[in-house]
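Examining the three-dimensional arrangement
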Amino acid sequence: MPIFEFKCSECGHVFEKLFRDSNEEVTLQCPQCQSPHLERVISRVSYQMGTRGKGPKITTKSCGPGNTCATIEIPGRYD
Ligand SMILES: [Zn+2]
């Protein structure tokens, strides 16, 4: 199950949202102040978890040996 991390633009509260199934429709809002204004927080965990199931598109940066860095884009998808 993919987990995405979000940060509230209004109060700065950071929370995780678990997408339980691929067809789930979610309304995202801050659990603290109910603001719908959120930013995605990209973490290693959400990157790995986010490779399965339908979810918002993820853009993350990956750096390998030899200082080669690539931007990886993972679209939400149906399994
Ligand atoms: Zn908030």
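Residues numbered from 1 in each chain as written. Predicted model: local features only at pLDDT ≥ 70, side-chain atom pairs only at ≥ 80, totals over all residues. Heavy atoms only, no water.

With respect to the coordination of the zinc ion
Formally: Only nitrogen, oxygen and sulfur atoms qualify as donors, provided they sit within 2.8 Å of the metal or within 3.2 Å for Na, K and Ca; with water excluded from the atoms, sites may seem incomplete. Angle rules define the geometry names used: all angles between 85 and 135 degrees makes four donors tetrahedral, while opposite donors over 155 degrees apart and all other angles between 65 and 115 make four donors square planar and six octahedral, leaving every other case irregular. Counting from the N terminus, the helices are the DSSP runs of H or I reaching at least four residues and the strands are the DSSP runs of E reaching at least two. Here's how the labels work: a residue is buried when its accessible area is under 20% of the maximum for its type, exposed when over 50%, partly exposed in between, all with a 1.4 Å probe on protein chains only.
Those donors, Cys8 (SG), Cys11 (SG), Cys30 (SG) and Cys33 (SG), are the protein atoms that reach the zinc ion, and they lie 2.2 to 2.4 Å from it. One way to put it: the four donor atoms around the zinc ion meet at angles of 106 to 118 degrees, and that makes the site tetrahedral. Each donor residue of the zinc ion belongs to the same chain, with the gaps between them written as C-x2-C-x18-C-x2-C. With Cys11 in the loop between strand S1 (3-8) and strand S2 (14-18) and Cys33 in the loop between S2 and strand S3 (38-41), the pair connects residues that are 22 residues apart, well separated along the chain. By relative accessible area, which is 37% here, Cys11 ends up partly exposed. Taking the relative accessible area as the measure of exposure, Cys33 reaches 32% and is therefore partly exposed.

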